[in-house]
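# Coordinates in review
One letter stands for each residue in the lines below.
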Amino acid sequence: MTVRGLGAPQLRASAGELADLLVDAVDDGASIGFLAPLGRAAAVDWWRERADGVAAGQLAVWVALSGDRVVGTVSLAFPDKPNSRHRAELVKLMVHREARGSGLGRRLLTVAEDAAVAAGITLLHLDTETDSPAEHLYRSAGWTRAGVIPNYAASPAGVLRPTTLYYKRVGEEKGGGADVGWDREADLGAGTPTR
């Protein structure tokens, strides 16, 4: 499998495959911001709307490919406030049901963490549904549980569920984060394959 970053044009071109991945995740019960059933057209539109964020340097998106098929994705979202440029949010880590159990989730997480360090980020954060399978991945990858918010978001079935907040300090041994004038697209390797 190959993991590569997507620039805005590549994200628009991959919106259909990313939509299929998103629909698969929601159908499987992943609480990633959508209610079931999620129509493919709505999922395609959602991904296409993300391209503007990629173009503006506010979002970095990677895909995992098995041949030419998208089987996983992860993104980093960057705050636009001057006092928060040292941090990023890990968002939309998804692995297709058919590709689970192969270590792909861990690989995508590592790609995003390494890219964040290369870009001078020193703090990552995320939220995930409490007691979801994703919690094991984050804990085993060295993320720290910050707390639980009850009734934070509805599951795909519409049931209010708690979410657990996690954070991870990264890249601090390099003293990164103070200089925030970097080029996110260049530093995050948009379009660069990783193996």
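The rules behind the values
Residues numbered from 1 in each chain as written. Predicted model: local features only at pLDDT ≥ 70, side-chain atom pairs only at ≥ 80, totals over all residues. Heavy atoms only, no water. Helix = DSSP H or I, 4+ residues; strand = E, 2+ residues; numbered from the N terminus. Buried < 20%, exposed > 50% of the residue type's maximum accessible area, 1.4 Å probe, protein only. Contact = heavy atoms within 4.5 Å. Areas by Shrake-Rupley, 256 points an atom, 1.4 Å probe, with all protein chains shown as cover. pLDDT = per-residue confidence, 0-100. Core = buried A, V, L, I, M, F, W, Y, C linked by side-chain atoms within 4.5 Å. Polar contact = N/O pair within 3.5 Å; in protein donor to acceptor, adjacent residues only side chain to side chain. Phe/Tyr/Trp six-rings, centres within 6.5 Å; stacked < 30°, edge-to-face > 60°. Lys NZ or Arg CZ within 6 Å of the ring centre and 35° of its normal.

What follows concerns the overall build of the protein. The number of helices and strands found in the protein is six helices and eight strands. If you list the helices and strands of the protein from N to C, you get β-α-α-α-β-β-β-α-β-α-β-β-α-β. The burial tally for the protein puts 47% of its 195 residues in the buried class. Relative to all contacts within the protein whose residues are 6 or more apart in sequence, the contacts with residues 24 or more apart total 64%. Carbon and sulfur atoms make up 49% of the accessible area of the protein, which totals about 9500 Å².

The next point concerns the confidence of the model for the protein. Confidence along the protein averages 91 in pLDDT terms, with 88% of residues attaining 70 or more. Contacts of residues 174-182 to residues separated by more than four positions or lying in other chains number 13 contacts, the stretch itself having pLDDT below 50.

Moving on, we come to the nonpolar core. Counting residues in hydrophobic clusters, the biggest one holds 29 residues, and the most contacted among them are W62, L76, L90, L108, L124, Y138 and W143. Contributions of two or more residues to this core are made by β2 (59-66), β3 (69-77), β4 (87-95), α4 (104-118), β5 (123-129) and α5 (133-140). If one sorts the elements of this core by residue count, α4 sits on top with seven residues. The contacts of L124, once residues within four sequence positions are left out, are L76, A88, E113, A116, W143, Y166, Y167, K168 and V170. V23, L38, A51 and V61 belong to the second-largest nonpolar core, a separate cluster that totals 27 residues.

This part is about the side chain of T164. Counting through the fold element by element, T164 comes out in strand β7 (residues 160-169). A relative accessible area of 0% places T164 in the buried class. Among the polar contacts listed, one links the side chain of T164 to the side chain of E135, at a separation of 3.4 Å. When residues no more than four places from it in sequence are discounted, the contact partners of T164 are L126, D127, T128, T130, E135, R145, G147 and V148.

This part takes up the packing of aromatic side chains. Overall, the coordinates contain four aromatic pairs when judged by the stated rule. Judged by centre distance (5.5 Å) and plane angle (85°), the rings of F34 and W46 are edge-to-face. On the criterion of sequence distance, the pair formed by F34 in the loop between α2 (15-27) and α3 (40-55) and W46 in helix α3 is long-range, its members being 12 residues apart. For the pair F34 and W46, a shared accessibility class is recorded, and that class is buried. Ring centres of W46 and W47 lie 4.9 Å apart, and the angle between their planes is 85°; this geometry places the pair in the edge-to-face category. Here the aromatic cluster, defined as three or more aromatic residues joined through ring pairs, consists of F34, W46 and W47. Between the NZ or CZ atom of R50 and the centre of the ring of W46, over which it lies, the distance is 4.2 Å.

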